[in-house]
Amino acid sequence: MQRVRLALAPVLACILACVFALASAQAQAKLTIEVTGGVEGAQPVAVVPFGDIDGARPTVDLAKVISDDLARSGRFRSMPRSEMLSLPHRQDEVDFREWQLLGMNTLVIGEVSPAEGGGYSLRWSLFDVFTGNKLASDSLRSTERGLRNAAHRISDQIYLALTGERGVFATRLAYVTSGSRSADARVTLRVSDSDGFNPQTIVDSAEPIMSPAWSPDGQRLAYVSFEKRKPAIFIQELTTGRRERVASYDGINGSPAFSPDGRKLAMTLSKDGSPDIYVMDLASKQLTRLTDHYAIDTEPAWSPDGSHLIFTSDRGGRPQIYRVAASGGPAQRVTFEGDYNAAASYSPDGRSMVMVTRIGGQFRVVVTDANGGSRRLLSNGALDESPSFAPNGSMVIYASQNNGRGVLSVTPIAGGAGQRLSQESGEVREPSWSPLVP
């Protein structure tokens, strides 16, 4: 936990004690998503069940996936099917006056048919209910296994057409799970679709796993593993399972973060004394030390243009956010409001930061401008941590607590309905959202 990592007692021992307490066995299970908060201001949209043409029998309800995606964004209110008076699949079957009377702004219809050579052909259209104009449409092919991903890609296109922003529904989440305490305790690093489906275990260990971080191409994960009773940083390819240990120095090896071009990895090392920020060239494995201070410097995060990094340091007596050039040099303090600010990262456009702050003894998530000012509270829990932006900057995901159990929470930056992601049992923590890739 962030507050433990920055304690002035021996940092490594504190991390071990904290994370070992959470480690446990956990059966593979998808994340369950619960929409939280109000939907005031959300735009009404109807996603009609897709028509099955020429004997197509898809195992995935495409319209439900799309409808749920749009609702989870916090910007749309999806119409329940029970309120639909008709189920058109083609434009000539649509009575736009009917949908106007039902209070809808936009309408999505589509069809699924068998594709030549196997799989399915998907066709869909998005309409403005009041003008009857087609706002977007497309056709795509999918295998049976890829149907959910195809639905997410359709959601992304609809989101783009309606908001002008790229959607994040076809992205993935990395997270760490643990369950009840037991003698055969296990911890897993998992990757799932953005809606919690299709979870895949990347690492299963009896020892703690921490700090998953995506490469810019979405093909690799860096993380910290304690599998030999000491921390080491690994990079693992998701398609092949191949992994490489890149840092296992004496002391702390933690907080990996890929540079925007994927060629370097920032990290926290204490091999030369106190914890400091280092950058490793991944091709040569050469290390560059960016900070050299007797205080604890940790949790590096790159600026989107790669010109500098922000990090957490208690060099001023309490944890605050500092900035240092990627080439090194003096560090500058960024945050001044509050006596505890940690775990900061930039929005994709570099204009904002999200971080953990302490308010009245509780740890909350706030968003600020890039210079640490204009703070706005995003969470209201007692122990909210590990925040990061969605890859389009529209939402923030963070670890939280619900009824004493670790869950993930998602809050839209613009306000509206949020999400809570949890497992049937056990804990979920340390979320990391995959990047947007072509």
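Residues numbered from 1 in each chain as written. Predicted model: local features only at pLDDT ≥ 70, side-chain atom pairs only at ≥ 80, totals over all residues. Heavy atoms only, no water.

Considering the pattern of salt bridges
Applying the stated criterion across every chain yields a total of 22 salt bridges. For the salt bridge of K64 with D68, the shortest nitrogen-to-oxygen distance reads 2.7 Å. Of this pair, K64 and D68 are both found in helix 3 (residues 62-72), four residues apart, which corresponds to roughly one turn of the helix. The exposure class of D68 is partly exposed, given its relative accessible area of 34%. The residue R229 makes a salt bridge to E207 at a minimum N-O spacing of 3.4 Å. On the criterion of sequence distance, the pair formed by R229 in the loop between strand 12 (220-225) and strand 13 (232-237) and E207 in the loop between strand 10 (200-205) and strand 11 (209-214) is long-range, its members being 22 residues apart. (Salt bridge = Lys/Arg side-chain N within 4 Å of Asp/Glu carboxyl O. Helix = DSSP H or I, 4+ residues; strand = E, 2+ residues; numbered from the N terminus. Buried < 20%, exposed > 50% of the residue type's maximum accessible area, 1.4 Å probe, protein only.)

A closer look at the nonpolar core
Grouped together as the largest cluster of nonpolar side chains are 26 residues, with contacts concentrated most on L62, I66, L70, L122, W124 and I158. Of all the secondary-structure elements, those providing two or more residues to this core are strand 2 (43-47), helix 3, strand 5 (106-114), strand 6 (120-128), strand 7 (134-142) and helix 5 (147-163). Counting residues per element, this core draws most heavily on helix 5, which supplies six residues. Not counting the four nearest positions on each side in its chain, L62 is found in contact with F50, V112, L122, L147 and A151. Grouped together as the second largest cluster of nonpolar side chains are 15 residues, F226, I235, M267 and L282 included. (Core = buried A, V, L, I, M, F, W, Y, C linked by side-chain atoms within 4.5 Å. Contact = heavy atoms within 4.5 Å.)

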